[in-house]
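# Analysis of the macromolecular model
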Amino acid sequence: MDIRQLIRPGIRDLKPYSCARNEFKGEASVWLDANENPYNGPYNRYPDPLQEKIKAKIARLKQVPENCIFLGNGSDEPIDLLFRAFCEPRLDNVAAIDPTYGMYRVAAGINDIEYRSVRLNEDFTFSSVRLLEAVDSHTRLVFLCSPNNPTGNSLDRDEIIRVIASFPGLVVVDEAYIDFSGCPGWLSRLEKFPNLVVLQTFSKAWGSAGVRLGMAFAAPPVIDVLNRIKYPYNINQLTQEYIGRMLDKAGKVKEWADVLKRERERLALALTAVPVVRKVWPSDANFLLIGVEDADSVYRILADRGIIVRNRNKEALCNGCLRITVGTREENDRLISILSLI
Ligand SMILES: *Cc1c(COP(=O)(O)O)cnc(C)c1O
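Now for a quick tour of the structure. Worth saying up front: this structure is predicted, and the values here are computed from it rather than measured. (Residues numbered from 1 in each chain as written. Predicted model: local features only at pLDDT ≥ 70, side-chain atom pairs only at ≥ 80, totals over all residues. Heavy atoms only, no water.)

Attention now goes to the site of the ligand. Tyr177, Thr201, Ser203, Lys204 and Arg212 are the nearest of the 14 residues found near the ligand. Separating an oxygen atom of the ligand from a side-chain N or O atom of Asn149 is a distance of 2.9 Å. Coverage of the ligand by the protein chains reaches 94% of its 390 Å² of free accessible surface. Its residues assigned to classes, the shell around the ligand comprises five nonpolar, five polar and four charged. (Near = heavy atom within 4 Å. Polar contact = N/O pair within 3.5 Å; in protein donor to acceptor, adjacent residues only side chain to side chain. Areas by Shrake-Rupley, 256 points an atom, 1.4 Å probe, with all protein chains shown as cover. Nonpolar A, V, L, I, M, F, W, Y, C, P; charged D, E, K, R; others polar.)

If you want it as structure tokens, here you go:
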């Protein structure tokens, strides 16, 4: 598959903005090329446009070559850039499972791209056959979120393989919750599949949602086009420094994820015994989807007691469902005790 042929013609030929930090890289003692203010170091300087220091650390940690990594202002940025690079407005379309993360549909709308949603099965499993039936010659991207938000389950590996192997566009596997799952994830398959894009984020297991850093991993032709169309300095200096320090604490992040996974299982078990809770779905993520008789009223009761969960009642297949993030042991205990009184 020639990925370059999938890029919108206007973008394929685009000559990107060449910023000062692209035109001269290397060491110097006097920087007079970027109209920066000489005072207020180090934040007077434009940041590294390609974030090489943190990419080197991410490459080592994830065992992925540096030229297969794109960093964005949250995962939202690579999601939007994939639309801009690969989907011709009002002509092309994308497909995704339903229910799933809401940003794919929003990004499609912003970019004037038709969004085709394909229902999961009743038990939230995913059928590659039904998804592939929904695509046509104008489908450029397929979004598969695994573990999926809000259902919490990981999608079947063989079903995903079938999509990657037979769909002639890009398959985006969103692994925002991969650190909470027992599944190995898809990074090790990037080399085999030139049309695979894996999204990860610092917002969940890394405890850094406020900082806004998302990762996209893919073959170099995909990464190159994202780099050519992004804002030149999309990741600011403060974020680059902060994430550089966080990457030295990967052990701590693993500990947090282990604690949250244990807490998830404890919470799931406790919720199963609560009368108002009809169902607790198994989860590979840091949240639980639960079913109740009247989701709106349970949501309201919890909110009145200061506990905010996500009401997913209106999502496909999620009638009566609330999505509950796993918190600290104390937070989870408060949730359990309030639900027990309903
Ligand atoms: C939370 C989440 C993200 C993270 O988005 P950021 O923009 O990186 O904070 C991405 N995908 C899914 C499915 C999520 O639930």
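Here the focus is the packing of helix α4 (residues 76-86) against helix α8 (residues 220-229). With their axes 10 Å apart at the nearest point, α4 and α8 run at an angle of 100° to one another. The orientation of α4 relative to α8 falls into the category roughly perpendicular. Across the interface between the two elements, Leu81, Leu82, Arg84, Ala85 and Phe86 of α4 pack against Val222, Val225, Leu226 and Ile229 of α8. Classifying every residue of the contact of α4 with α8 gives eight nonpolar, no polar and one charged. (Axes fitted to C-alpha atoms, helices over the stretch in contact; angles between N-to-C directions. Helix = DSSP H or I, 4+ residues; strand = E, 2+ residues; numbered from the N terminus. Parallel < 35°, antiparallel > 145°, perpendicular 65-115°, else oblique. Contact = heavy atoms within 4.5 Å.)

So, on to the side chain of Asn286. Structurally, Asn286 is set in the loop between β8 (277-280) and β9 (287-292). We classify Asn286 as buried; its relative accessible area is 11%. In this view, Asn286 contacts Tyr177, Phe180, Ile324, Thr325 and Val326; residues no more than four positions away in its chain are not counted. (Buried < 20%, exposed > 50% of the residue type's maximum accessible area, 1.4 Å probe, protein only.)

Tracing the sequence through the fold places Gly306 in the loop between α11 (295-304) and β10 (310-311). It is 27 Å that separates the C-alpha atoms of Gly306 and Ala176, two residues lying 130 residues apart in sequence.

What follows concerns the sheet that holds β8. Strands sit in the order β8-β9-β11-β10 across an open sheet of four strands; the sheet is antiparallel. Each of the sheet's edge strands pairs with one partner strand only, and the pair in question is β8 and β10. Two elements, β8 and β9, share three bridges in a ladder whose sense is antiparallel. Counterpart to Val277 in the pairing with β9 is Val292. Against the sheet, α11 touches β9, β10 and β11 (321-325), its axis set at about 35° to β11. (Pairing = 2+ DSSP bridges.)

A word on the environment of Arg162. Positionally, Arg162 belongs in helix α7 (residues 157-166). When the C-alpha atoms of Arg162 and Asp174 are compared, they prove to be 17 Å apart, with twelve residues separating the residues in sequence. Apart from residues no more than four positions distant in its own chain, Arg162 is found in contact with Ser128 and Leu132. At 2.2 Å, the side chain of Arg162 forms a polar contact with the side chain of Glu159.

What follows covers the pattern of salt bridges. Following the criterion strictly, the structure yields 23 salt bridges and no others. Arg21 is the partner of Asp33 in a salt bridge, and the nearest nitrogen-oxygen pair spans 2.4 Å. Within this pair, whereas Asp33 is found in the loop between α2 (20-23) and α3 (52-62), its partner Arg21 is found in helix α2, the two being separated by twelve residues in sequence. Residue class for Arg21 comes out buried when judged on its relative accessible area of 13%. One network of salt bridges, in which partners are shared, links Arg21, Asp33, Glu36 and Arg45. (Salt bridge = Lys/Arg side-chain N within 4 Å of Asp/Glu carboxyl O.)

Geometric descriptors of this kind do not, in isolation, establish any biological role.
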